[in-house]
Amino acid sequence: MTRFSAFSLLLIGAPALAASDMHGMDHSQMPGMDHSAMQSMDDGMMQPAAPAESRTPIPPLTDADRAAVFTSPGGHQVHDRVINSYFLADKLEWQDADDGSALAWDLSGWIGGDIDRLWLRSEGERSNGKTEDAEIQALWGHAISPWWDVVSGVRQDFKPGAPQTWAAFGVQGMALYNFEAEATAFLGEGGQSAMRLEGDYDILLTNRLILQPTAELNVYGKNDPQRGIGSGLSNTEAGLRLRYEIRREFAPYIGVTWNRTYGNTADYARDEGEDRSEARLVLGVRMWF
């Protein structure tokens, strides 16, 4: 056997000898070892026992911690008795009418809580420095679901014709796919009745450029020649407005509207020298606070 072979056998045999010596040792006699803190593994080695308590215990909650979590951030508060308010000028616009320019508005707002609110609405039109149509509504609204309210109150017409007062009842809210809708019935003086349906929808072309189609339909129960209103379907208005939100609360827009009268209302309009249908270019601003 060469010198290299003998050295190799020595290296191979050393671990086996060490293992046999360790197997015969009495570990209980070894000083300084705490075997209660050790646990065995399958391969015969030893490891420390798992600690019974966290080395970094979680401190108990204090009143200051709870107050920091539940502090109100301010702003619009919900599910409480705080009074909030909101105002929307949905339409403040100049219109290019056939008989000259016109100014039109459609305003709404409310004040109250999450369930009960006072709603105010107003819409109208001035043409060539003369008020052609103007009304205001004061309604009490009560939430019947997260997205719908029932409303009731009064409507006061100032133009056309002599002032007239109506009782108002209806529903308003948000239908599927964020479609805003209003349906209101009116009972007026002299047994007159009416129904108005309105709706609009926002189509986001970009985060700030928004296309808004709108529609309005008015139906009356009987003829009112003094105000140029005929029974049945009286008039409709469809619009398409493109606005850019410089800020969320302020957005100029451009658009087009199409108005049409029907039945006896169209006959009254023709007697006054007005067209049965008319398309208008509109420029305006939409804002809320």
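What you see is a predicted model; the values in this text were computed from it and never measured. (Residues numbered from 1 in each chain as written. Predicted model: local features only at pLDDT ≥ 70, side-chain atom pairs only at ≥ 80, totals over all residues. Heavy atoms only, no water.)

**Observations concerning the pairing of strand β13 (residues 232-244)**
Strand direction decides the pairing type here: strand β12 (residues 209-220) and β13, joined by 12 bridges, are antiparallel. Its bridge partner being in β13, Val219 is matched across the sheet by Leu233. Two successive antiparallel strands, β13 and strand β14 (residues 250-261), enclose a turn made up of 5 residues. (Pairing = 2+ DSSP bridges. Helix = DSSP H or I, 4+ residues; strand = E, 2+ residues; numbered from the N terminus.)

**What about the nonpolar core?**
Nonpolar side chains in soluble globular proteins tend to be buried together. Ranked by size, the top nonpolar core spans 10 residues in total: Trp110, Trp119, Leu139, Val151, Trp166, Ala168, Phe186, Ala194, Tyr220 and Ile229. Beyond its immediate stretch of four places on either side in the chain, Val151 contacts Arg121, Leu139, Trp140, Gly141, Ala168, Phe169, Gly170, Val171 and Gln172. (Core = buried A, V, L, I, M, F, W, Y, C linked by side-chain atoms within 4.5 Å. Buried < 20%, exposed > 50% of the residue type's maximum accessible area, 1.4 Å probe, protein only. Contact = heavy atoms within 4.5 Å.)

**Examining unusual backbone geometry**
The residue after Lys159, namely Pro160, is reached through a cis peptide bond having omega 0°. Tracing the backbone through its elements, the reader meets Pro160 in the loop between β7 (148-159) and β8 (164-175). Positive phi values are uncommon outside glycine, yet Asn128 reaches one of about 55°. Structurally, Asn128 is set in the loop between β5 (116-127) and β6 (130-143). Positive phi, normally seen in glycine, also occurs at Tyr177, with a value near 60°. When you line up the elements, Tyr177 lands in the loop between β8 and β9 (179-188). Judged by its relative accessible area of 68%, Tyr177 falls in the exposed class.

**Here's the deal with a negative patch on the surface**
Together, Asp96, Asp98, Asp99, Glu132, Asp133, Asp271, Glu272, Glu274 and Asp275 give the surface a local cluster of negative charge. For Glu272, the position within the fold is in the loop between α3 (263-271) and β15 (277-288). Judged by its relative accessible area of 64%, Glu272 is exposed. (Patch = residues over 30% accessible without salt bridge, like charges linked within 9 Å, V, L, I, M, F, W, Y side chains within 5 Å. Areas by Shrake-Rupley, 256 points an atom, 1.4 Å probe, with all protein chains shown as cover. Salt bridge = Lys/Arg side-chain N within 4 Å of Asp/Glu carboxyl O. Lys, Arg positive; Asp, Glu negative; His and termini not counted. Charge placed at Lys NZ, Arg CZ, Asp CG, Glu CD.)

**Structural notes on the packing of aromatic side chains**
This model, assessed by the stated rule, comprises 5 aromatic pairs. Ring centres 5.9 Å apart and planes at 40° place the aromatic pair Tyr86 and Trp288 in the tilted group. A residue pair is termed long-range when its members are at least 10 positions apart, and Tyr86 in strand β3 (residues 84-97) and Trp288 in strand β15 qualify at 202 residues. Here Tyr86 falls in the partly exposed class, since its relative accessible area comes to 29%. Their ring planes at 75° and their centres at 6.2 Å tell us that Trp166 and Phe186 sit as a pair that is edge-to-face. Of the two residues, Trp166 sits in strand β8 while Phe186 sits in strand β9, which places them 20 residues apart along the sequence. (Phe/Tyr/Trp six-rings, centres within 6.5 Å; stacked < 30°, edge-to-face > 60°.)

**Details of the confidence of the model for the protein**
Confidence in the prediction for the protein averages 85 pLDDT; 77% of positions are at 70 or higher. Segment residues 36-42 is flagged for pLDDT under 50; beyond a separation of four residues in sequence, or across chains, it makes 13 contacts in the model. (pLDDT = per-residue confidence, 0-100.)

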